[in-house]
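# Analysis of the macromolecular model
Okay, here's what each chain looks like letter by letter:
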Amino acid sequence: MMKKPLILVLSLLLCLSISTYSQTKLVAGRMNEVFRIDTLASPSANLQDPWEITFGPDDSLWVTEVQPAAGSLGYKVRKIHKTNGGMRTILDLATFTDAGSTPTTKWRKAAFTGAPKMPQGGLMGLAIHPEFMTNPAKQFVFLAYIHDYDADSIINSTGEKLKGILFYTWVVRFTYQGGQLVNPVMVCDTITGGSDHNSGRMIIAPVNGKDYLFYAVGDAGAGQFEEVQRINKAQLSNAYVGKILRFNIDPDGDAGAYDQWIPSTGSGSDNNPFNIPGKQSAVYCTGIRNNQGFAYDPGNDILYGSSHGPFSDDEINILQAGKNYGHPLVIGKAADNNYQNCRAATATYTISGNTYATSVPLITNEPAAAAAIPNYQDPLFSAYDAPNGTVAGWYASGSNNGQWPSEGWSGLGYYGYSKIPGWKGSLLAGSLKWGRLVRLKLNAAGTAVVPTNGADSVANFQSKNKYRDMAIDTSGWTLYTVFDRSATSSGPSAAPGGTSITPDCAGCVQSYTFLGYKRVFFGNKSTLPTSIPVAAGTPNTCTQATTIKITPDNDTLWVPITGPDGNIVAEIKANKFNLGNVWTSYYTNSGTIRKKGTLPYCDRNITITPQFQPVLPTDTINVRLYLTAAEYAALAGAAGSGVTSISNVKMFKNTQNCTSNSNITTSAVTMRYAEAFGTGYVLQGTVTSFSTFFFSSATLITLPVNLVSFNGELQGGATLLNWRTASEQQTDHFEIERSVNGTTFEKIGTVAAAGNSSTAIDYDYTDAQAGNQAALVIYYRLKIVDIDGNFKYSDIVNVSLASIAGKVVVTPNPTDKVAKVTLTAANAGIAKWNIADNSGRVILQGNNQVQAGNNNFNINVDKLAAGLYYLNVSGP
């Protein structure tokens, strides 16, 4: 008996998903940059006094933390997620026990019993072995922390603590294992310190291609506050205070637990400069006051250090083996002699009601002192180097340091990325005193600070927070900072004479993500500073620019596109349209200026390709494209260019990829501005799609075909395309091309052309497969070809399939074996289906992965009895 066919009645369930977006706090930098600020961790999350923040090779933030307690300090190392602030403790030195063959608690911080004051810092530097991610045997993390206090060495006959408060710092290598820091190995335990100026910074950087661990030791505050009578040993090469130390990151095989960590395996750069026969020394360079920042420039192979000045003259030093940086005999640059007849501290300090003279020596003549110091090295930069009369006034009055311009740079970073315009090749220093991040632009060699808008430094993120350290995401888009909890500039514990300021976000970890620039209130122009140069390109080459992302975070800002040199190529203001990732390349021509026929056009063209093209002509987007002065001059000076001023230059675009020449006809971009920009020029216009932009005084036409219109309309599941030409000359044919993403096109048909005509001619073509495409928007263009094979492209036409989204078709219907289901989905995802009988009982069910657009799948129904059934489909 023949089985009767089934009848399927269709029922469609539509699902609507709604997403929300909440914008976080935005802040503008001094040069108009807009950053998003996120607080990743704060004391409410049990974070107290973060000291060091390092952006790890595992994309996590590694933070050392001091937890103040009465008469003591707690030490922890945290790992913090760089975006959501998720935090976990990977080392707690209050409870740590070595799990060796004989477990011991010696690695814990010893009690500071009897210490009149807690030390500055506590748990300080952190550095991660460069092979951490590539060699499982070297997942090493180096830490430095003040371990113990020597009560017997500082008490004088009156019982006052006048010779200094003596602490010992350990440098220890831990292994990261099972999410914890374990297996400590001693690197050095003979570093002495005091209640102030312990520095504590750490970095791993190469010297002649070999990596070393560098550690900064301050002068222990010798000559000031409680350390007023401590001898300043920054000039003594046989003491570790006031120095930069250098250690091996892997033992070098020397005998002895400590000598194996001191570079001494050869001569020159492999040997620490103050090693002597029979005695190895970790000292790398001398004359350091309080180095609280390290940064390394890999391009120029330069290690930088930032050191606090006394009244003025915070320093940036290029740190080199054997060099002496002058403290306490030379402050800042020697030639200015601004500390003549002064000291690197106030003349006297009062302790317990008694007044004592500082132990810091008097500076009589800085140039003479520098000349007498072997291997003396001036700083790269000396900040706020006040004249001698002003410094002398501060020195004589002993006024509170809130009146001094010394800023207390703590934490240093080298920005070597091209993402933020004008920032590439800059040093970033955190300010303990004035609550900001200071940027200093370096010259190409990295050996001098160059002005930015006429100033030697630029302040960012002004706040009431004390910037203890900073780090830079390897993406180049985001900076991270940690803030002191206390209100004074002398560290986690309050210090006499410290500058008091109530923090806005005490003990926080914050991120600053660059988003773009705001618009000028009148005129919709960008606030990008005119001091930013136009990016250079590699001659006769397509240069890849920075890939940007335009999302709801920045789709109302001007988002810059930069070249490899960090200078400007273009800007986009998407006007709330999500372009996703945006890829850009630009071609710079050298030699004879290019021409299309007899018309010269500019030596630069720019190709912009977004992940998501605008889908409707109403999605108008603003774009700014930049030219160098030389490119404009070449165009203006070319015979027949028609350019006598920048206002004669127009923007045109076509559908080519980045190319050396304009091979097809360009169409005009609606212009808003064409004007000078700093030393270059900028053209601004509006577009409804992106492609390749050219610059000339008139359209670059390839073929003598006057295309009047090109349109597309959805009719059922097909697209009807029609176009009109006003005139034609030697036209051979039209090729119809289709794309589902607006970027990659395929030929789908050909229509013969009239060839030669001086009257209007209408053409049409039907794309019967439009409804079967895996997309909700289809893009069409015409390739117009002449009898010699030359061609040009029309503008792109967009056709939306939204009107047929959600359509379900079953064939054949009725059926007795297999039901073929065609589903037009609005979005990619999972489509769920079931077949129910007349009573509503589900007989069959399943699900299928679908993509946006048309999808096909089969359902076997040969085991169902004949009857009336209902197919229900729900999908994305």
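Details of the structure are given in the entry above.
Residues numbered from 1 in each chain as written. Predicted model: local features only at pLDDT ≥ 70, side-chain atom pairs only at ≥ 80, totals over all residues. Heavy atoms only, no water.

## Details of the sheet that holds strand 24 (residues 437–441)
Each strand in a sheet pairs with another by means of backbone hydrogen bonds, the pair being arranged parallel or else antiparallel. Across the sheet, four strands lie side by side as 22-23-24-25; this open sheet has antiparallel pairing. Looking along the sheet, the strands with just one partner apiece sit at the ends: strand 22 (409–415) and strand 25 (458–460). Ignoring which end each strand starts from, the neighbouring axes of this sheet average 25 degrees apart. One ladder, built from six bridges, connects strand 22 with strand 23 (residues 426–431); its direction is antiparallel. The residue of strand 23 that forms the bridge with Leu412 is Ala429. (Pairing = 2+ DSSP bridges. Helix = DSSP H or I, 4+ residues; strand = E, 2+ residues; numbered from the N terminus. Axes fitted to C-alpha atoms, helices over the stretch in contact; angles between N-to-C directions.)

## Points about the state of the cysteines
One pass over the structure, following the stated rule, counts two disulfides. Each sulfur of the disulfide joining Cys505 and Cys508 lies 1.9 Å from the other. Disulfide Cys505 to Cys508: torsion about the S-S bond roughly -85 degrees, handedness left-handed. There is a disulfide in this structure between Cys542 and Cys658, and the S-S distance comes to 2.1 Å. Measuring the twist about the S-S bond at about -105 degrees, one finds the Cys542-Cys658 disulfide to be left-handed. With Cys542 in strand 29 (residues 541–544) and Cys658 in the loop between strand 38 (650–654) and strand 39 (667–668), this pair connects stretches of sequence that are 116 residues apart. The class for Cys542 is partly exposed, based on a relative accessible area of 30%. A residue is classified by how much of its surface remains accessible, and Cys658, at 21% relative accessible area, is partly exposed. (Disulfide = S-S within 2.5 Å. Buried < 20%, exposed > 50% of the residue type's maximum accessible area, 1.4 Å probe, protein only.)

## Concerning the sheet that holds strand 10 (residues 166–177)
Within the open sheet, the four strands sit side by side as 8-9-10-11. Their pairing is antiparallel. Two strands in the sheet have a free side with no partner beyond their single neighbour: strand 8 (123–128) and strand 11 (180–193). In this sheet, neighbouring strand axes are inclined to one another by 25 degrees on average, regardless of whether the strands run parallel or antiparallel. Inspection of the sheet shows strand 10 paired to strand 11 by nine bridges, in the antiparallel sense. Paired with Thr175 across the bridge in strand 11 is Val182.

## Here's the deal with helix 3 (residues 629–636)
Burial in helix 3 covers these residues: Glu631, Tyr632 and Leu635. Taken around the axis of helix 3, the buried residues stretch over an arc of 95 degrees, which confines them to a single face. Contacts from the buried residues of helix 3 go to strand 33 (580–588), strand 35 (599–601), strand 36 (604–610), strand 37 (621–627), strand 41 (680–687) and strand 42 (692–696). (Arc of directions from axis to C-beta. Contact = heavy atoms within 4.5 Å.)

## A short note on the nonpolar core
Counting residues in each nonpolar core, the largest one holds 54 residues, and the members touching the most others are Leu181 and Tyr215. No other element matches the seven residues that strand 9 (residues 140–150) contributes to this core. (Core = buried A, V, L, I, M, F, W, Y, C linked by side-chain atoms within 4.5 Å.)

## Remarks on the pattern of salt bridges
In the structure shown here, the tally under the stated rule is 24 salt bridges. Among the ionic pairs, Lys82 bridges to Asp59, the shortest N-O distance being 3.7 Å. Of this pair, Lys82 sits in the loop between strand 6 (72–81) and strand 7 (87–92) while Asp59 sits in the loop between strand 4 (49–55) and strand 5 (60–69), placing them 23 residues apart in sequence. Overall, the relative accessible area of 37% leaves Asp59 in the partly exposed class. One salt bridge connects Arg201 with Asp469, and the closest N-O pair in it is separated by 3.6 Å. Taken together, the residues span a long stretch of sequence, with Arg201 in the loop between strand 11 and strand 12 (202–207) and Asp469 in strand 26 (residues 467–472) at a distance of 268 residues. For the pair formed by Arg201 and Asp469, the shared burial category is buried. Among the charged side chains, a salt-bridge network with shared partners connects Arg36, Asp38 and Asp553. (Salt bridge = Lys/Arg side-chain N within 4 Å of Asp/Glu carboxyl O.)

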